[in-house]
Amino acid sequence: MTVEYSVRIGIDADFVMTINGESVGGANVSDVYNPATRSVIAQVPVATRDDLDRAVEAARTAFLSWSATPLAERQAIVSAIGDRLEEHAEDFMALLTAEQGKPRAMAEWEVLGSVAWFREIAKQSLPEEVLEDSAERRVISRHTPLGVVGAIVPWNFPILLAVWKIAPALVAGDTIIVKPSPFTPLCDLKLVELVQDLLPPGVLSAVSGDDELGKWMTAHEGIAKIAFTGSTDTGKHVMRSAASTLKRITLELGGNDPAIVLGDVDPKKVAPQLFWAAFQNNAQFCNAAKRVYVHDSVYDAVRDELVEYARTIVVGNGADPETQLGPIQNEPQYRKVVEYFDDCTANGYTFAVGGSIDQAAEGWFVPVTVVDNPPENSRLVAEEPFGPILPLLRWTDEADVIARANDTLWGLGATVWGADLQAVERIGKQLEAGTVWLNEVHQYSPHQVFGGHKQSGIGAENSLHGLAEYTNHQTVTLNKVTGAVS
Ligand code: NAD
């Protein structure tokens, strides 16, 4: 099978699972598509239960020595994995564009961001805390690794969201098995394969398959923790299934991020920022601004500037250098996005720009679309379309817009935009979201805690809080005076 991306050093066209340090194919394979052309670009193995069992067994065995490996050594290896990814960055960018659809600039952000994540997480540690050290007693609080982690990854940022799990798990002393999304398995399989010589066998494995494989992982007796990024519905399945073995879980789920635009903005300046807040990664972004509330006094001007800017955006095959937004990543998601367009049309909402999909296009392309002030209870406002169709909504009263912004089961991110910084901050601090960006958006850091409020998730990734989720807390007390030996 030929693949459509350029083949250079280190990345060949075979995609295999990695189990116990060995490359493993499968009797069954599944197709991987380029969403810009709807053509099959590669095939990947479909893991059997036996494959998963072997990966878990190898990871459990490897855990014994990996967890005892000095922290500095583990950190150096994690950093070296970042170096290895950097050496092959161009290949990964091309591969990411081919399987995910995102254009070069976004692929670069994701791949080089992943390199930075490996290096920065490699600097983190959770030192022992000495709570008491007297003549009589020594009491410490420490972190111990959990065991085997199962990482379940979505298709919108296939590399970065795997790295957010691999790096802290390895630093913490856990071993990890990565399950990529069935829609975007290529980069993850290749990354895990490419770094095996840096690690003892079984420390980092990858298995590919469909959603069933995810279910087997969440129920598996040998897995101690599931690190999951995906939709809120699937997150609930993960939590239910993980309950049977009381697995630790980190759930990074969906969102319906509000953006609140104050009346004192410069419409021309804010429009491009709002555009990218909403449409980056073709709006297939957990943290995309999904509802933009614009103050009535500037609503028309902001809408018009946004529309004018949107008209300049080139949507196309991510492999073309001039492309700014790619296709929808997969067919089921495309069908879902089409439904939101149909719903808006059927209800007579006004499209300020876009609105009509050419379903005969070569790829799963959808035009950038802005819907002018649809009702608050419309599907477009209340749900998570996860595609480039954005509702613009009017507001006049501050308390009311805050209530509307918070009136959702989600709480992942939020933004506020305005010249009056006190007002911006005052409003921002009242928003129920794990990350609130003020006059900026999508600024992430390995040292910044990331997680959702409400039904956007449980737990956190990144920062020492995220690292701690790959560990147990342990208190160790030593009575120096009345010990059993005295
Ligand atoms: P999804 O929930 O359909 O799939 C995510 C992963 O879970 C895939 O690997 C899939 O194979 C697996 N899976 C599916 N069913 C499973 C089950 N029953 N048990 C275990 N695993 C199962 O999500 P998606 O469509 O790939 O991604 C889009 C969603 O992810 C959006 O809702 C988006 O907001 C969310 N997301 C959240 C974040 C975040 O950090 N909070 C980041 C990116 C995406």
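Use the structure listed above.
Caption draft 1: Region of interest: the nonpolar core. In terms of nonpolar packing, the biggest core is built from 92 residues, with Phe118, Leu170, Ile176, Val178, Leu199, Val292 and Trp417 touching the most fellow members. Counting residues per element, this core draws most heavily on helix α5 (residues 160-172), at 11 residues. Core analysis: the second largest hydrophobic core is formed by 23 residues, Val207, Trp216, Phe228 and Leu251 among them.

Caption draft 2: Summary view of the sheet that holds strand β13 (residues 289-295). An order of β14-β15-β16-β13-β12-β17-β18 is seen for the 7 strands of this open sheet, with the pairing classed as mixed. Since the sheet does not close on itself, it has two edges, and those belong to β14 (350-353) and β18 (435-438), each with one partner. Recorded for the sheet is a direction-independent mean angle of 25° between the axes of neighbouring strands. Bridging between strand β17 (residues 413-417) and β18 involves 4 bridges; their strand directions are parallel. Directly across from Ala414, in β18, lies its bridge partner Val436.

Caption draft 3: Main features of the packing of helix α7 (residues 211-219) against helix α8 (residues 232-243). Where α7 meets α8, the axes come as close as 7 Å, and the angle between the chain directions of the two elements is 40°. Overall, the two elements α7 and α8 adopt an arrangement that is oblique. Of the residues in α8, those touching α7 at Lys215, Thr218 and Ala219 are Val238, Ser241 and Ala242. Residue composition of the contact of α7 with α8, by class: 3 nonpolar, 2 polar and 1 charged.

Caption draft 4: A look at the packing of aromatic side chains. Per the counting criterion, the structure on display carries 15 aromatic pairs. The rings of Trp109, Trp117, Phe157, Trp164, Phe285, Trp437, Tyr444 and Phe450 are connected pair by pair, giving a single aromatic cluster. In this arrangement the basic side chain of Lys225 is found over the ring face of Tyr470, its NZ or CZ atom lying 4.5 Å from the centre.

Caption draft 5: Region of the structure containing the site of the ligand. Taken together, 29 residues are adjacent to the ligand, and Val153, Asp211, Thr234, Leu253 and Glu384 come closest. Note that an oxygen atom of the ligand is positioned 3.2 Å from one of the backbone N or O atoms of Gly230. Here an oxygen atom of the ligand sits 2.7 Å away from a polar atom, N or O, in the side chain of Thr234. Contact with the protein chains hides 92% of the accessible area of the ligand, taken as 850 Å² for the molecule alone. Put simply, the parts of the chain that give the shell around the ligand at least two residues each are α7, β10 (225-229) and α8. Looking at the shell around the ligand, its residues break down into 14 nonpolar, 10 polar and 5 charged.

Caption draft 6: Fine view of the packing of helix α3 (residues 89-100) against helix α6 (residues 186-194). Contact geometry for α3 and α6: axes closest at 9 Å, N-to-C directions at 150°. The angle between the axes of α3 and α6 places the two elements in the roughly antiparallel class. Residues Phe92, Leu95, Leu96 and Glu99 of α3 touch α6, and the partners they reach there are Leu186, Cys187, Lys190, Leu191 and Leu194. Across the contact of α3 with α6, the residue classes break down as 7 nonpolar, no polar and 2 charged.

Caption draft 7: Region of the structure containing the pairing of strand β6 (residues 137-145). Summarising the sheet, strand β5 (residues 129-133) and β6 pair through 4 bridges and their orientation is antiparallel. Counted as the bridge partner of Glu129 is Ser141 from β6. The pairing of β6 with strand β20 (residues 471-479) spans 9 bridges and is classified as antiparallel. Within the sheet, the bridge partner assigned to Arg138 lies in β20 and is Leu478.

Caption draft 8: Local environment of α8. End to end, α8 covers 17 Å across 12 residues, agreeing with the expected 16 Å (1.5 Å per residue, within 8%). Regarding α8, the residues found buried are Thr232, Gly235, Val238, Ser241 and Ala242.

Caption draft 9: Highlighting the pattern of salt bridges. Counting across every chain of the model gives 31 salt bridges. Here Lys480 and Asp133 are joined by a salt bridge, their closest N and O atoms 2.9 Å apart. With Lys480 in the segment after β20 and Asp133 in strand β5, this pair connects stretches of sequence that are 347 residues apart. A residue is classified by how much of its surface remains accessible, and Lys480, at 40% relative accessible area, is partly exposed. Here Lys215 ties to Glu212 by a salt bridge, and the two come within 3.1 Å at their closest N and O atoms. Note that Lys215 and Glu212 are positioned in helix α7 at a spacing of 3 residues, about one turn of the helix. One salt-bridge network, held together by shared partners, links Asp296, Asp300, Arg303, Asp304, Asp372 and Arg394.

Reading the values: rules and limits
Residues numbered from 1 in each chain as written. Predicted model: local features only at pLDDT ≥ 70, side-chain atom pairs only at ≥ 80, totals over all residues. Heavy atoms only, no water. Core = buried A, V, L, I, M, F, W, Y, C linked by side-chain atoms within 4.5 Å. Buried < 20%, exposed > 50% of the residue type's maximum accessible area, 1.4 Å probe, protein only. Helix = DSSP H or I, 4+ residues; strand = E, 2+ residues; numbered from the N terminus. Pairing = 2+ DSSP bridges. Axes fitted to C-alpha atoms, helices over the stretch in contact; angles between N-to-C directions. Parallel < 35°, antiparallel > 145°, perpendicular 65-115°, else oblique. Contact = heavy atoms within 4.5 Å. Nonpolar A, V, L, I, M, F, W, Y, C, P; charged D, E, K, R; others polar. Phe/Tyr/Trp six-rings, centres within 6.5 Å; stacked < 30°, edge-to-face > 60°. Lys NZ or Arg CZ within 6 Å of the ring centre and 35° of its normal. Near = heavy atom within 4 Å. Polar contact = N/O pair within 3.5 Å; in protein donor to acceptor, adjacent residues only side chain to side chain. Areas by Shrake-Rupley, 256 points an atom, 1.4 Å probe, with all protein chains shown as cover. Expected span 1.5 Å × (residues − 1). Salt bridge = Lys/Arg side-chain N within 4 Å of Asp/Glu carboxyl O.

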